[in-house]
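Understanding the architecture of this molecule
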Amino acid sequence: MLKNVLFTLPRANFQINIIRHAQKRYPKIDKKLQAAAESLAARGFLRPNKPWEPPSNINETILKICADHGLNLDSDFENLEVKFKVLKACFEETGHGIPNSLLHTIECVEDLQNFYETPVDVLTPFDALKKMELPKNLHVQEDYVRFHPDKDTLFNGQSAFPKSSTIVTGLKTRRKYEGYSAKRSWP
């Protein structure tokens, strides 16, 4: 109704913007960073990569492979065939290949050296925490014990939390731990 009244007035002094749903504006994000964040959110932080500890002579090995294909340290991969041959030779020599998601980042011999100098650690943060030297007041319990009233012999099935259930939600943990539903006295 207000819309009808305002449209009958001369529009010289009014600017009417009709917006049903306000749109939020977000700062611009680099597309590569956004794609990496979305991939990480979708698949988790642990990729199915093989561990890689670069040998001490990896730079000489890469420079030798590049020299065999007519490239030096300052060369760029201008031809895709040369890039393919160099990357294939590096894989055959080292046994460590470049994932498809990183192929576009290798543009020159220096990028190739940086990739092969970088170690790949496949430990989860929890596994790394178990191997770390922790302060005396911090402990990581790897194989914890879950309470189940039918199998607990220490307290004859008496729980400290009698009305709370133990729900196991993970697919992997369902095989290892058994959940139970606590009996309620009130519906």
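Anyway, here's the lowdown on the structure attached to this text.

Cut-off values and rules
- Residues numbered from 1 in each chain as written.
- Predicted model: local features only at pLDDT ≥ 70, side-chain atom pairs only at ≥ 80, totals over all residues.
- Heavy atoms only, no water.
- Helix = DSSP H or I, 4+ residues; strand = E, 2+ residues; numbered from the N terminus.
- Buried < 20%, exposed > 50% of the residue type's maximum accessible area, 1.4 Å probe, protein only.
- Contact = heavy atoms within 4.5 Å.
- Patch = residues over 30% accessible without salt bridge, like charges linked within 9 Å, V, L, I, M, F, W, Y side chains within 5 Å.
- Areas by Shrake-Rupley, 256 points an atom, 1.4 Å probe, with all protein chains shown as cover.
- Salt bridge = Lys/Arg side-chain N within 4 Å of Asp/Glu carboxyl O.
- Lys, Arg positive; Asp, Glu negative; His and termini not counted.
- Charge placed at Lys NZ, Arg CZ, Asp CG, Glu CD.
- Core = buried A, V, L, I, M, F, W, Y, C linked by side-chain atoms within 4.5 Å.
- Phe/Tyr/Trp six-rings, centres within 6.5 Å; stacked < 30°, edge-to-face > 60°.

1. Concerning the side chain of Thr-166
In this structure, Thr-166 sits in the loop between α6 (125-131) and α7 (171-176). Residue Thr-166 is classed as buried on the basis of its relative accessible area of 17%. Beyond its immediate sequence surroundings of up to four residues, Thr-166 is in contact with Arg-146, Phe-147, Gly-179 and Tyr-180.

2. Remarks on a negative patch on the surface
Taken together, Asp-74, Asp-76, Glu-78, Glu-107 and Glu-110 make up a surface patch of like negative charges. Looking at where Glu-107 falls in the secondary structure, it is placed in the loop between α4 (80-94) and α5 (109-117).

3. Quick notes on the nonpolar core
Among the nonpolar cores identified, the biggest contains 17 residues, and Cys-66, Phe-77, Val-86, Ile-98, Ile-106, Leu-112 and Tyr-116 are the most heavily contacted of them. At the level of elements, α3 (58-68), α4 and α5 are the ones that each hand at least two residues to this core. Excluding its chain neighbours within four sequence positions, the residues that come into contact with Val-86 are Ile-65, Cys-66, His-69, Leu-71, Phe-77 and Leu-112.

4. Here's the deal with the packing of aromatic side chains
Per the stated rule, a full pass over the model turns up two aromatic pairs. Ring centres of Trp-52 and Tyr-116 lie 6.1 Å apart, and the angle between their planes is 75 degrees; this geometry places the pair in the edge-to-face category. With a gap of 64 residues between them, Trp-52 in the loop between α2 (31-43) and α3 and Tyr-116 in helix α5 connect regions that are remote in the sequence. For Trp-52, a relative accessible area of 9% gives the class buried. Overall, Tyr-116 belongs to the buried group, its relative accessible area being 1%. Aromatic pair Phe-115 and Tyr-116: ring centres 5.2 Å apart, planes at 85 degrees, arrangement edge-to-face. Residue Phe-115 is classed as buried on the basis of its relative accessible area of 14%. Members of the aromatic cluster, connected to one another through ring pairs, are Trp-52, Phe-115 and Tyr-116.

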